[in-house]
Amino acid sequence: MATDKELSDFLENVERRAFKQAVYAVRKDEAALDIVQDAMIKLAEKYGDKPAAELPMLFQRILQNTILDYFRREKVRNTWVSLFSGMGRREGEDEEFDILESLEAEQGSASAESSADQVERQQTLSLIDAEVQKLPARQREAFLMRYWQDMDVAETAEAMGCSEGSVKTHCSRATHTLAESLKAKGIKL
């Protein structure tokens with residue numbers, strides 16, 4: 001049985017990695033925060049009485065399921081929005097105007113960098129994301145668990161249901177494939 005302190009410490013340690021994983025999956029910071037918060041609440045409410053050693057695997061599964069739930073809700077929401085999006089429009093209204101875009105950015109923030117830098121950064125991230133998506137499913141899963149979620153080999157093997165040697169092989173192949181494909185596109189990391 002995990003104590004309240006152990007559960008609290010675990011959630012504190014996993015928060016950033018879980019957020020990165022959720023952002024990588026949904027590509028929206030606000031949605032990722034909600035997903036992580038929901039996963040943490042579910043873990044604390046339903047599995048807080050489990051041993052501390054089981055918390056990482058339980059949390060990983062809950063986080064994955066919460067991300068899938070998000071995509072299911074978005075699919076339904078997008079269906080209804082697209083059906084009703086043409087209703088209620090009036091001629092002459094500027095639907096593209098956003099007051100937040102007219103505000104001046106603070107110096108040193110990401111929004112204050114030059115447009116060229118923003119475009120270059122976005123293109124690089126898009127290329128990296130595309131290459132990660134091209135990886136075979138098992139390689140991508142092992143790569144993300146090991147290097148995005150900072151799980152060790154044993155934890156990754158348990159989560160994937162395979163041997164530690166398989167995890168190492170999948171990660172090695174993924175990193176070599178990514179390095180070669182990004183180098184071919186002129187990206188040096």
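Described in the following lines is the structure provided in the data block. What you see is a predicted model, and the numbers here were worked out from it, not measured in a lab. (Residues numbered from 1 in each chain as written. Predicted model: local features only at pLDDT ≥ 70, side-chain atom pairs only at ≥ 80, totals over all residues. Heavy atoms only, no water.)

## Observations concerning the overall build of the protein
Basically, it comes down to this: Secondary structure elements follow DSSP: runs of H or I of four or more residues count as helices, runs of E of two or more count as strands, with numbering from the N terminus. Relative accessibility under 20% of the residue-type maximum defines a buried residue, over 50% an exposed one, and the middle range a partly exposed one, all with a 1.4 Å probe and only protein chains included. Note on definitions: a residue-residue contact is assigned when non-hydrogen atoms from the two residues lie within 4.5 Å. Using a 1.4 Å probe, the Shrake-Rupley method yields the accessible areas, and only the shown protein chains count as cover for residues.
Scanning the protein for helices and strands turns up 7 helices and 0 strands. Mapped in sequence order, the helices and strands of the protein form the string α-α-α-α-α-α-α. Here the protein holds 189 residues, and the buried ones make up 27% of them. For the protein, restricting intrachain contacts to residue pairs at least 6 apart in sequence, the fraction spanning at least 24 positions comes to 62%. Summing over all exposed atoms, the protein offers an accessible surface of approximately 13300 Å²; the carbon and sulfur share of this is 52%.

## Some words on the nonpolar core
Defined as follows: Definition used in this section: a nonpolar core is a set of buried Ala, Val, Leu, Ile, Met, Phe, Trp, Tyr and Cys residues joined via side-chain atoms within 4.5 Å.
Grouped together as the largest cluster of nonpolar side chains are 21 residues, with contacts concentrated most on Phe10, Val26, Ile35, Leu43, Phe59 and Leu63. Only helix 1 (4-26), helix 2 (29-47) and helix 3 (55-84) provide two or more residues apiece to this core. Sequence-distant contacts of phenylalanine 10, defined by excluding residues within four places in its chain, comprise Leu43, Leu55, Pro56 and Phe59. If you look at the next biggest cluster of nonpolar residues, it comprises 9 residues, including Met145, Val153, Met160 and Cys171.

## Side note on the environment of alanine 174
Structurally, the position occupied by alanine 174 is in helix 7 (residues 164-184). Judged by relative accessible area, alanine 174 falls into the buried class, the value being 0%. Expressed as a C-alpha distance, the spacing of alanine 174 and valine 132, which sit 42 residues apart in the sequence, is 8.3 Å. Once residues lying within four places of it in the same chain are set aside, the contact partners of alanine 174 are Leu135, Gln139 and Phe143.

## Things to note about the pattern of salt bridges
For side chains of opposite charge, pairing can occur when their charged atoms come near one another. The following threshold applies: When a carboxyl oxygen of Asp or Glu lies within 4 Å of a side-chain nitrogen of Lys or Arg, that pair is called a salt bridge.
A complete count under the given rule lists 7 salt bridges for this structure. With a shortest N-O distance of 3.8 Å, glutamate 74 and lysine 28 are connected by a salt bridge. Of this pair, glutamate 74 sits in helix 3 while lysine 28 is found in the loop between helix 1 and helix 2, placing the two residues 46 residues apart along the sequence. The salt bridge involving arginine 138 is made with glutamate 141; its shortest N-O contact spans 3.6 Å. Here the residue arginine 138 and the residue glutamate 141 both occupy positions in helix 5 (residues 137-148), the gap between them amounting to 3 residues, near one helical turn. We classify arginine 138 as partly exposed; its relative accessible area is 33%. Here the residues in one salt-bridge network are Glu131, Lys134 and Lys185, joined through shared partners.

## Digging into unusual backbone geometry
Positioned with a positive phi, arginine 27 is a non-glycine residue whose angle comes to about 60°. Secondary-structure assignment places arginine 27 in the loop between helix 1 and helix 2.

## Concerning the side chain of serine 181
Selection criterion: We define a polar contact as two N or O atoms separated by no more than 3.5 Å, with the added condition that, inside protein, one atom must be a possible hydrogen donor and the other a possible acceptor, whereas residues neighbouring each other in sequence contribute only through side-chain atom pairs.
Turning to its location among the elements, serine 181 is positioned in helix 7. Of the polar contacts made by the side chain of serine 181, one reaches the backbone oxygen of leucine 178; its length is 3.1 Å.

## Let's talk about the packing of aromatic side chains
How we decide: Pairs were defined over the aromatic rings of Phe, Tyr and Trp, the Trp ring being its six-membered one, requiring ring centres within 6.5 Å. Orientation was assigned from the angle between planes: stacked under 30 degrees, edge-to-face over 60, tilted for the rest. When the NZ atom of lysine or the CZ atom of arginine is within 6 Å of a ring's centre and also within 35 degrees of its normal, the charge is said to sit over that ring.
Throughout the structure, instances matching the rule amount to 3 aromatic pairs. A centroid spacing of 5.9 Å and a plane angle of 80° characterise the contact between phenylalanine 10 and phenylalanine 59, whose relative ring orientation is edge-to-face. In this pair, phenylalanine 10 is assigned in helix 1 and phenylalanine 59 in helix 3, connecting sequence segments 49 residues apart. For phenylalanine 10, a relative accessible area of 14% translates into the label buried. With 5.5 Å between their ring centres and 70° between their planes, tyrosine 70 and phenylalanine 71 make a pair best called edge-to-face. Above the face of the tyrosine 147 ring, arginine 146 is positioned so that its terminal group lies 5.6 Å from the ring centre.

## Focus: the packing of helix 4 (residues 115-134) against helix 7
Helix packing for two helices is described by the angle between their axes and how far apart those axes are. In plain terms, the rule: Here an axis means a line fitted to C-alpha atoms, over the contact stretch when the element is a helix, while the angle between two N-to-C directions is reported on a 0 to 180 degree scale. Roughly parallel here means an angle under 35 degrees, roughly antiparallel means over 145, roughly perpendicular means 65 to 115, and every remaining angle is called oblique. Helix crossings get a hand from a simple test, with the near helix turned counterclockwise from the far one by less than a right angle marking a left-handed crossing and a clockwise turn marking a right-handed one.
One can describe the packing of helix 4 onto helix 7 by two numbers: an axis separation of 10 Å at closest approach and a directional angle of 140°. By the angle class used here, helix 4 and helix 7 are oblique. The two elements helix 4 and helix 7 cross, and the hand of that crossing is right-handed. Residue-level contacts link Leu127, Ile128, Glu131 and Val132 of helix 4 to Leu178, Ser181 and Leu182 of helix 7.

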